[in-house]
Amino acid sequence: MPKAYVFTRNGGPEVEALVEQEAPVPGLGELLIAVRAAGVNPVDWKLRTGYTRPGSEPQPFPTVLGSEAAGVVVAVGPDVEGFEAGDQVFGSPVTGGYAEYTLLPAAVTAHKPAGLSFTDAAALPVAAATAYDGLRQLAPAAGSTLLVTGAGGGVGNAAVQLAHHAGVKVVAVASAAKKDFVESLGAVHVESGASLAERVRAAAPDGVDAVFDLVGGDTLREAASLLADPAALISAADKALVVELGGAAVVRARTSAVFGEVADLVVTGALRTHVTRTYPLSAAGEALRAVESGHAQGKTVIEVTA
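Residues numbered from 1 in each chain as written. Predicted model: local features only at pLDDT ≥ 70, side-chain atom pairs only at ≥ 80, totals over all residues. Heavy atoms only, no water.

All right, on to the nonpolar core then. The biggest cluster of nonpolar side chains holds 70 residues, and the ones touching the most others in it are Leu-146, Leu-147, Val-148 and Phe-212. In terms of residue count, the dominant contributor to this core is helix α3 (residues 124-138) (eight residues). With residues near it in sequence (within four places) discarded, Phe-212 still touches Thr-130, Ala-131, Gly-134, Leu-135, Leu-138, Leu-146, Leu-147, Val-148, Thr-149, Ala-159, Ile-234 and Val-250. Leu-65, Tyr-98, Ala-106 and Ala-284 belong to the second-largest nonpolar core, a separate cluster that totals 26 residues. (Core = buried A, V, L, I, M, F, W, Y, C linked by side-chain atoms within 4.5 Å. Buried < 20%, exposed > 50% of the residue type's maximum accessible area, 1.4 Å probe, protein only. Helix = DSSP H or I, 4+ residues; strand = E, 2+ residues; numbered from the N terminus. Contact = heavy atoms within 4.5 Å.)

All right, on to unusual backbone geometry then. Omega for the bond connecting Phe-61 with Pro-62 falls within 30 degrees of zero, at -5 degrees, which places this linkage in the cis form. Despite not being glycine, Ala-139 shows a phi value in the positive range, around 50 degrees. For Ala-139, the position within the fold is in the loop between α3 and β9 (145-149). The exposure class assigned to Ala-139 is exposed, which follows from its relative accessible area of 56%. Positive phi outside glycine occurs at His-274, with the angle close to 50 degrees. Overall, His-274 belongs to the buried group, its relative accessible area being 13%.

Let us now look at the environment of Gln-161. Tracing the chain through its elements places Gln-161 in helix α4 (residues 154-165). Taking the C-alpha atoms as reference points, Gln-161 and Leu-185, 24 residues apart in sequence, are found 6.0 Å from one another. In this view, Gln-161 contacts Leu-185, Ala-270, Leu-271, Arg-272 and His-274; residues no more than four positions away in its chain are not counted.

Residue position: Ser-67 is located in the loop between β4 (63-64) and β5 (69-76). Of the polar contacts made by the side chain of Ser-67, one reaches the side chain of Asp-44; its length is 2.9 Å. In contact with Ser-67, other than residues within four places in its own chain, are Val-43, Asp-44, Leu-47, Arg-53, Gly-91, Ser-92, Pro-93 and Val-126. (Polar contact = N/O pair within 3.5 Å; in protein donor to acceptor, adjacent residues only side chain to side chain.)

Between α3 and helix α9 (residues 256-267), the shortest axis-to-axis distance is 10 Å and the interhelical angle comes to 95 degrees. On the basis of the axis angle, α3 is roughly perpendicular to α9. Each of Leu-124, Pro-125, Ala-128, Ala-129, Tyr-132, Asp-133 and Arg-136 in α3 lies in contact with α9, whose residues at this interface are Val-258, Phe-259, Glu-261, Val-262, Ala-263, Leu-265 and Val-266. Classifying every residue of the contact of α3 with α9 by side-chain character gives 11 nonpolar, no polar and three charged. (Axes fitted to C-alpha atoms, helices over the stretch in contact; angles between N-to-C directions. Parallel < 35°, antiparallel > 145°, perpendicular 65-115°, else oblique. Nonpolar A, V, L, I, M, F, W, Y, C, P; charged D, E, K, R; others polar.)

Right under this line is the structure:
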């Protein structure tokens, strides 16, 4: 029987388990893939605790963890065009990525370029694509200064890279332990913590033109205080507060086209996934703990043996 890593009810790590269950059957517009890699994201543990994505219904238990996956198409459901068995793909699963088999909606699935590994492809649909969508929404001009909070994580480091590639000056807020990492991406590091605005002003005496927030709360409030125009503020971490402050939540595209564009950026070298830790499916719990701790640098990926 295929294996999957699930949570059996809402709660903490104690509700997780590696179980055996039948492979899902592809429905209308869906692909069944044999998973080769699955990205690990903060939203995974948040869903386990009971968070529900806007517009979504709570899934029945047990629920397979994981919001991004890459693998090989095994079967194609009705009304699917452009995909066939044997294709190497990546996308956003509807039945969880921490598994040997999962379902991908064809509309949010992209073909994996030959020059992209399964591990790197699995790091794109949530983190890198969120950074891509956010920067397209902000549209910072070349030569302008962008402040990125939470710059050491999966979304943050991708946002720093993409902005730097576009000729934008980046001030990156991250812990002291991630200073060398964010500076290697071409950013000016500012240590996170209390009195953030004061340190940002010292690092960027001419001010910041836009803010891409990935932390929320007090960090978002301090970052917002640095802007002359609150419309240049977006957040992927605190949607209610960013709107209250005059900014906007990141609007996700989640399309095959966007995933393909992000993959091309990796292949051409404009973007690196910075997968810093990989775990086997049998250690999926350890992988999730690493991300849930809030101290993970770069991207964490679960690799599934063929």
